Structure formats: C-alpha cells, structure tokens
Amino acid sequence: MTHAADIAKEYQRLGGKRLAKLDDNLVSTRQWDDEPAEAATFWKENVEVLSDKEQAEVVTNLKTITTER
C-alpha cells in the first residue's frame with residue numbers, strides 16, 4: 001500500500017464522507033453528507049497540506065461517486 005492509500009484508508013475509517021470524482025483526468029472530491037469532526041480535521045491536517053499531485057493520489061484511493069451509487 002502507498003502512503004496516499006494509507007491516508008485515504010484512515011480518513012474513511014474516521015467516517016470521512018468525501019467521494020472521488022474522476023472525469024477526463026480531472027480529480028476532485030464531492031461531499032453531500034456531514035462527516036464526523038475527527039474526519040474533517042484529519043482531512044485538513046493530512047490532505048489539504050499536500051501538493052496538488054499528492055492530494056490527487058489520495059483522492060484516487062477514495063470510493064468514487066460511481067461506485068457509491
């Protein structure tokens with residue numbers, strides 16, 4: 001497992017609700033539901049501080065919008 005996968009796994013373990021949106025090589029996240037404060041804090045402290053490339057690596061390890069529906 002990569003460092004990005006470890007971060008994504010821990011975020012989801014904490015109850016994180018963000019889903020990956022992968023569209024024509026553009027990587028972003030969507031969040032419709034509130035998430036636990038611990039997950040939100042983890043995201044801010046461990047993902048938002050990363051470079052755009054590193055953030056994209058984490059996001060690609062989250063569940064995607066299409067797999068969640």
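Up top you'll find the structure we're talking about.
Residues numbered from 1 in each chain as written. Predicted model: local features only at pLDDT ≥ 70, side-chain atom pairs only at ≥ 80, totals over all residues. Heavy atoms only, no water.

(A) Spotlight on the nonpolar core. Ile7, Tyr11, Phe42, Trp43, Val47, Val58 and Leu62 are the most contacted members of the largest nonpolar core, which has 14 residues in total. For this core, the secondary structure elements donating two or more residues are helix H1 (3–13), helix H2 (37–46) and helix H3 (52–59). The leading source of residues in this core is H1, at four residues. When residues no more than four places from it in sequence are discounted, the contact partners of Tyr11 are Gly16, Lys17, Arg18, Glu35, Ala39, Phe42, Trp43 and Leu62. (Core = buried A, V, L, I, M, F, W, Y, C linked by side-chain atoms within 4.5 Å. Buried < 20%, exposed > 50% of the residue type's maximum accessible area, 1.4 Å probe, protein only. Helix = DSSP H or I, 4+ residues; strand = E, 2+ residues; numbered from the N terminus. Contact = heavy atoms within 4.5 Å.)

(B) Summary view of the side chain of Glu35. Within the secondary structure layout, Glu35 lies in the loop between strand E2 (26–30) and H2. Buried within the structure, Glu35 lacks any salt-bridge partner; its nearest side chain of opposite charge belongs to Arg18, at an N-O separation of 4.2 Å. Within the structure, Glu35 has its side chain in polar contact with the side chain of Tyr11 (distance 2.4 Å). (Lys, Arg positive; Asp, Glu negative; His and termini not counted. Salt bridge = Lys/Arg side-chain N within 4 Å of Asp/Glu carboxyl O. Polar contact = N/O pair within 3.5 Å; in protein donor to acceptor, adjacent residues only side chain to side chain.)

(C) Broad picture of the pattern of salt bridges. All chains considered together, the criterion is met by one salt bridge. With a closest N to O distance of 2.8 Å, Arg13 and Glu10 form a salt bridge. Of this pair, Arg13 and Glu10 both sit in helix H1, three residues apart, which is roughly one turn of the helix. Look at Arg13 and you get exposed, because its relative accessible area is 58%.

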